[in-house]
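Close look at the chain arrangement
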Amino acid sequence: MSRITLDVDPFDETNLAAPYPMHCRLRDAGPVVFLPRYGVWAMARHQEVYASLTDHESFCSGRGAGLSDFHKEKPWRPPSLLLEADPPDHTVMRGAMGKVLSASTVRGFRQTFKAEADALADELVARGHFDVVTDLAERYPLKVFPDAVGLLPDGRENLLPYGALAFNAFGPHNRLLEQALASAAPVQDWIWNACQRDVLTPGGLGASLWQAADRGEITTEQAPMLVRSLLSAGVDTTVYAIGNTLQALSANPGQWAKLREKPSLARFAFDESLRYESPVQTFFRTTTRPIDVAGVHLPEGEKVLLFLGAANRDPRKWGEDADRMDIARPASGHVAFGMGIHQCVGQPIARLEAELVLTALAERVERLEPTADPASKPNNTLKGWSSVPVRVHPVRFH
Ligand code: OVP
């Protein structure tokens, strides 16, 4: 079968802010299409995205999870030992990180994370109106996660700019990346310092990674790199995820009502939100060998752009109402956390944060009403909002 090409720019700011019409074009054009603008291939249907994510032998991560091919260009920072690595090296790092972020460790955070969620919900409901993004989705993870890692209180304002940089850097060298790079040097220096053993609080996730080095499971060079992964992947992702979930629920009052009725649906509501508006929209892989995809030939060494956010709205997988948010829908099988050996290792902590925030609000808020249109936050990889103003109608007898 011959190559289908499509002249779209997925990293153009209009498409980043409103990607869904472009997703539809990409999916309908074919199972795999060539984007001449960047010289890369793209997959936007669930079937092919899922198949590529679970075939790490043919679609590797070691040449970068962004547009840049690490065989051809120098990476903007030393590559992540997790995200930008392949077996067998990746396997060892994943083992160490998986142990540190295990379900049992994360269970230990529940009490403190819940107290913070409840206190914040009390404060915001008492206020009557607030911004879902700046007052909640940014504040909550920025408190509980750095505490869990064991960061000192000073300098935490560097975390969001660093995340914005890391996620813009997966895209092309456009205005967004330029802006993020402009003041990046002190931010990068602060982050690297925060990864060192002597500044991490005992008992935190960061210290646990250093203990893995003491036990010889990883090296003392690898330990700070894995702490860096926590700080790169653990903040913005949860900020966007919580923001997107509450934006979608405020725009769909019927869905909020369902959650109100049964707050134990919080975890399902979160999965459906991740499907409906995926915080991480795209990642790249690189072909390790010539490979046929649905009858189309891809050479070795080609970048392939995987549209996680489009796969999660593919009507071929989800049915004709794929664009509707429905917290009662079985959303499992979404690829918002990826799939296969690289599937999000921080899921337990992300899910805990979301569950506690959603439950705290669902218990206290009868109605979550938008008071203005949400403003989108442009990023080459992340889809989300910079501002989502709402008014809350409190439950009478909470
Ligand atoms: C969403 C991710 C994102 C950015 C950085 C890293 C991981 C890392 O390992 O540094 S996964």
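The following paragraphs examine the structure supplied in this document. (Residues numbered from 1 in each chain as written. Predicted model: local features only at pLDDT ≥ 70, side-chain atom pairs only at ≥ 80, totals over all residues. Heavy atoms only, no water.)

1. Describing the overall build of the protein
Quick note on the threshold: By the criteria applied, helices consist of DSSP H or I runs no shorter than four residues and strands consist of E runs no shorter than two, each listed in order from the N terminus. To get the radius of gyration, use the C-alpha atoms; to get the globule rule, take the number of residues to the power 0.38 and multiply by 2.2 Å. Note on contacts: a residue pair qualifies if any of its non-hydrogen atoms lie within 4.5 Å across the two residues. Here the accessible surface of atoms and residues is derived via Shrake-Rupley with a 1.4 Å probe, and residues count as covered only by protein chains that are part of the display. In this tally, Lys and Arg are treated as positive and Asp and Glu as negative; His is ignored, and so are the chain termini. Note on charges: their place is set at NZ of Lys, CZ of Arg, CG of Asp or CD of Glu.
Secondary structure assignment for the protein yields 19 helices and 12 strands. The C-alpha radius of gyration computed for the protein amounts to 21 Å, which stays within 12% of the reference 21 Å derived for 398 residues, consistent with globular compactness. Expressed as lengths along the three principal axes of its C-alpha atoms, the size of the protein is roughly 65 × 55 × 40 Å. Once local pairs closer than 6 in sequence are excluded, the contacts in the protein between residues at least 24 apart make up 73%. About 16,500 Å² of surface is accessible on the protein, with carbon and sulfur atoms providing 54% of the total. Each charge class in the protein can be summarised by its mean position, and for the 42 positive and 48 negative side chains these summaries are 4 Å apart.

2. Regarding the site of the ligand
Rule in force here: Any residue with a heavy atom positioned within 4 Å of a molecule or strand is treated as near that molecule or strand. Here a polar contact is taken to be a pair of N or O atoms separated by no more than 3.5 Å, where protein atoms must pair a possible hydrogen donor with a possible acceptor and residues adjacent in sequence count only if both atoms sit in side chains. Residues were grouped as follows: Ala, Val, Leu, Ile, Met, Phe, Trp, Tyr, Cys and Pro as nonpolar; Asp, Glu, Lys and Arg as charged; and all remaining residues, including Gly, as polar.
Surrounding the ligand, one finds Arg77, Ser80, Leu83, Phe167, Phe170, Ser229, Ser232, Ala233 and Phe283. Separating an oxygen atom of the ligand from a side-chain N or O atom of Arg77 is a distance of 3.0 Å. For the ligand, an oxygen atom lies 2.6 Å from a polar atom in the side chain of Ser80. When the free accessible area of the ligand is taken as 320 Å², the share hidden by the protein chains comes to 87%. The element contributing the most residues to the shell around the ligand is helix α13 (residues 222-233), with 3 residues. Class assignment of the residues belonging to the shell around the ligand gives a composition of 5 nonpolar, 3 polar and 1 charged.

3. Overview of the environment of Ser104
By the element assignment, Ser104 lies in helix α5 (residues 103-107). Spatially, the C-alpha atoms of Ser104 and Pro348 are 9.4 Å apart, while their sequence positions differ by 244 residues.

4. Some remarks on the sheet that holds strand β1 (residues 33-35)
Keep this limit in mind: Strand pairing is assigned whenever DSSP detects at least two bridges linking the two strands. Convention adopted: a line fitted to C-alpha atoms gives each axis, helices being fitted over their contacting stretch, and angles between N-to-C directions are expressed from 0 to 180 degrees.
An order of β1-β2-β8-β5-β3 is seen for the 5 strands of this open sheet, with the pairing classed as mixed. Strands with a single pairing partner mark the edges of an open sheet, and in this sheet they are β1 and β3 (59-60). Along the sheet, helix α3 (residues 46-53) contacts β2 (40-43), β3, β5 (282-287) and β8 (303-307); its crossing angle with β8, the most-contacted strand, is approximately 125°.

5. Considerations on the sheet that holds strand β12 (residues 389-394)
Pairing is antiparallel across the open sheet formed by 3 strands, whose spatial order is β4-β12-β9. Edge positions in the sheet fall to β4 (129-131) and β9 (365-370), since each has one partner strand and no second. Each strand of the sheet is rotated relative to its neighbour by a mean of 30°, with strand direction disregarded. On the sheet, helix α6 (residues 110-127) packs against β4, β9 and β12 and is oriented at approximately 125° with respect to β4.

6. Focus on the pattern of salt bridges
The condition is simple: Salt bridge, as applied in this entry: a Lys or Arg side-chain nitrogen positioned within 4 Å of an Asp or Glu carboxyl oxygen. Summary of the burial criterion: residues with accessible area below 20% of their type's maximum are buried, those above 50% are exposed, and those between are partly exposed, where the area comes from a 1.4 Å probe applied to protein chains only.
Applying the stated rule across the entire model yields 33 salt bridges. Note that Glu300 and Arg63 form a salt bridge whose closest N and O atoms lie 3.1 Å from each other. Of this pair, Glu300 sits in the loop between β7 (296-298) and β8 while Arg63 sits in the loop between β3 and α4 (89-100), and the two are 237 residues apart along the sequence. For the salt bridge of Asp321 with Arg324, the shortest nitrogen-to-oxygen distance reads 3.5 Å. Owing to a relative accessible area of 45%, Arg324 belongs among the partly exposed residues under this scheme. Here the salt bridges share partners, and the residues they tie into one network are Lys258, Glu272, Arg275, Asp321, Arg324, Asp326 and Arg329.

7. Here we look at the packing of α6 against helix α19 (residues 347-364)
Stated formally: Left-handed describes a crossing whose near helix is turned anticlockwise from the far helix through less than a right angle; right-handed describes the clockwise counterpart.
Relative orientation of the contacting elements α6 and α19 amounts to 40°, with a least axis distance of 9 Å. In the packing of α6 onto α19, the handedness of the crossing is right-handed. Listed contacts from α19 to Arg110, Phe113, Lys114, Ala117, Asp118, Ala121, Asp122 and Val125 of α6 are Ile349, Leu352, Glu353, Glu355, Leu356, Val357, Ala360, Leu361 and Arg364. Per-class residue counts for the contact of α6 with α19 are 10 nonpolar, no polar and 7 charged.

8. Some details on the side chain of Arg285
Tracing the backbone through its elements, the reader meets Arg285 in strand β5. As a buried residue without a salt bridge, Arg285 has its nearest oppositely charged side chain in Asp86, at a separation of 7.0 Å. Among the polar contacts listed, one links the side chain of Arg285 to the side chain of Ser61, at a separation of 3.4 Å. With residues up to four places along the chain from it excluded, the contact list for Arg285 reads Leu53, Phe59, Cys60, Ser61, Glu302, Lys303, Val304, Leu306 and His342.

9. Some points on the nonpolar core
To keep it simple, the criterion reads: Only buried residues count toward a nonpolar core, which is a set of Ala, Val, Leu, Ile, Met, Phe, Trp, Tyr and Cys residues joined through side-chain atoms within 4.5 Å.
Grouped together as the largest cluster of nonpolar side chains are 81 residues, with contacts concentrated most on Phe113, Tyr140, Leu205, Leu246 and Leu259. Per-element tally for this core: the top contributor is α19, with 10 residues. Not counting the four nearest positions on each side in its chain, Leu259 is found in contact with Leu249, Leu265, Ala266, Ile327, Leu358 and Ala362. Among the nonpolar cores identified, the runner-up in size contains 24 residues, and Val32, Leu53, Ala65 and Phe283 belong to it.

10. Thoughts on the packing of helix α9 (residues 159-168) against helix α14 (residues 236-251)
For clarity, the cut-off: What sets the label is the angle itself: under 35 degrees gives roughly parallel, over 145 gives roughly antiparallel, 65 to 115 gives roughly perpendicular, and the rest give oblique.
Taken N-terminus to C-terminus, the directions of α9 and α14 make an angle of 90°; their axes are 9 Å apart at the nearest point. Here α9 is positioned roughly perpendicular relative to α14, judged by the angle of their axes. Of the residues in α14, those in contact with Leu159, Leu160, Gly163, Ala164 and Phe167 of α9 are Asp236, Thr237 and Val239. Each residue belonging to the contact of α9 with α14 can be placed in one class, and the counts come to 5 nonpolar, 2 polar and 1 charged.

By themselves, these are just geometric observations and shouldn't be taken as functional.
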